[in-house]
Amino acid sequence: KQEVTQIPAALSVPEGENLVLNCSFTDSAIYNLQWFRQDPGKGLTSLLLIQSSQREQTSGRLNASLDKSSGRSTLYIAASQPGDSATYLCAVTSRKSGQNFVFGPGTRLSVLP
Amino acid sequence: EPEVTQTPSHQVTQMGQEVILRCVPISNHLYFYWYRQILGQKVEFLVSFYNNEISEKSEIFDDQFSVERPDGSNFTLKIRSTKLEDSAMYFCASTRLSGRGDVGIQYFGAGTRLSVL
């Protein structure tokens, strides 16, 4: 059974800092890894998708990397802004889960002005 | 930007009542999903649907749940007799698994908050 964990559970940083969010998964035979953003009480916004053949993806100030052999992904946020405050979720599809995402518990990020 | 739409945004029901949650997936997507998130917990997979039949389902998706694509655009989740523990946010998602571009990306709707009293 695929298990996904995320550390830290919560993070509070001053505006302008660069930061890294971590995601770990137990089954390294993954198909896709997707990072999402969730605002309180809201839906899930897709940020980046990394396919199993890729090592990283970039979108604006966001960069996600994937290391299948160690079962890890990181989401790097450059020059953080108060508007980045949200919960960031990592989700994985893999041989054990099929095409269905297994989600991590999320990292709750607060960027202070 | 294509989007998945869900209605209603909030549904309040009495225990034992039937509810139907509705989703309109992105038009050229063929693979559909329902997930749920109990308050304060992880998002959990319920069921996937492809080619007018269930592709996979989790142990959560018991006989009380059913899914249907009644026409060319809607995708519904029915809970026959709701329980208190069914209270959660229910998310619909869709994806296309072939072609170019955003293949594999699951697009999620804004969710339906179900409150069972």
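Note that the structure is a prediction, hence the values are computed from the model and not measured.

1. A closer look at the overall build of chain A
Okay, so step 1: Along chain A, the regular secondary structure elements total zero helices and 11 strands.
Okay, so step 2: Beginning at the N terminus, the succession of helices and strands in chain A can be written as β-β-β-β-β-β-β-β-β-β-β.
Okay, so step 3: In summary, chain A has a C-alpha radius of gyration of 13 Å against a globular reference of 13 Å for 113 residues, a match within 12%.
Okay, so step 4: For chain A, the spread of C-alpha atoms along the principal axes amounts to about 40 × 30 × 20 Å.
Okay, so step 5: Per-residue burial for chain A yields a buried fraction of 45% across its 113 residues.
Okay, so step 6: If you take every contact in chain A between residues at least 6 apart in sequence, the share linking residues at least 24 apart comes to 56%.

2. Regarding the sheet that holds strand E7 (residues 62-67) of chain A
Residue and element names in this part refer to chain A.
Okay, so step 1: Reading across the sheet, the five strands line up as E1-E3-E8-E7-E6 and stay open at both edges, with antiparallel pairing between neighbours. Two strands close off the open sheet at either side, each with one partner strand: strand E1 (4-7) and strand E6 (56-59). Across the sheet, the mean angle from the axis of one strand to that of its neighbour is 15°, orientation sign disregarded.
Okay, so step 2: The pairing of E6 with E7 spans four bridges and is antiparallel. By the bridge assignment for E7, Thr58 is matched with Asn63.

3. Looking at the pattern of salt bridges
Okay, so step 1: Across all of its chains, the model carries four salt bridges over all chains by this definition.
Okay, so step 2: When the shortest N-O distance is used, the salt bridge between A:Asp39 and A:Arg37 registers 3.0 Å.
Okay, so step 3: A:Asp39 gets classed as partly exposed once you look at its relative accessible area, which sits at 26%.
Okay, so step 4: On the basis of relative accessible area, A:Arg37 is assigned to the buried category, the value being 17%.
Okay, so step 5: Residues B:Arg36 and B:Glu44 are paired through a salt bridge, measuring 3.2 Å at the closest nitrogen-oxygen approach.
Okay, so step 6: On the basis of relative accessible area, B:Arg36 is assigned to the buried category, the value being 10%.

4. Concerning the interface of chain B and chain A
Okay, so step 1: Residue-level contacts link 20 residues of chain B with 21 residues of chain A.
Okay, so step 2: Together, the buried faces of chain B and chain A total about 1,500 Å²; carbon and sulfur atoms form 53% of this surface.
Okay, so step 3: When the buried area of chain B at its contact with chain A is split by residue, B:Lys42, B:Val43 and B:Phe108 rank highest and sum to 32% of it.
Okay, so step 4: Linking chain B with chain A are zero salt bridges, by the criterion used here.
Okay, so step 5: Where chain B touches chain A, the interface holds six residue pairs in polar contact (both at pLDDT 80 or more).
Okay, so step 6: Secondary-structure elements contributing two or more residues to the side of chain B that touches chain A are strand E4 (31-37), strand E5 (43-50) and strand E9 (88-95) of chain B.
Okay, so step 7: No other element matches E4(B), which puts four residues into the side of chain B that touches chain A.
Okay, so step 8: Within the side of chain B that touches chain A, the residues separate by chemical class into 12 nonpolar, five polar and three charged.

Definitions and cut-offs
- Residues numbered from 1 in each chain as written.
- Chains lettered and ligands numbered in written order.
- Predicted model: local features only at pLDDT ≥ 70, side-chain atom pairs only at ≥ 80, totals over all residues.
- Heavy atoms only, no water.
- Helix = DSSP H or I, 4+ residues; strand = E, 2+ residues; numbered from the N terminus.
- Rg over C-alpha atoms; globule rule 2.2 N^0.38 Å.
- Buried < 20%, exposed > 50% of the residue type's maximum accessible area, 1.4 Å probe, protein only.
- Contact = heavy atoms within 4.5 Å.
- Pairing = 2+ DSSP bridges.
- Axes fitted to C-alpha atoms, helices over the stretch in contact; angles between N-to-C directions.
- Salt bridge = Lys/Arg side-chain N within 4 Å of Asp/Glu carboxyl O.
- Buried area = accessible area lost by both parts, 1.4 Å probe.
- Polar contact = N/O pair within 3.5 Å; in protein donor to acceptor, adjacent residues only side chain to side chain.
- Nonpolar A, V, L, I, M, F, W, Y, C, P; charged D, E, K, R; others polar.

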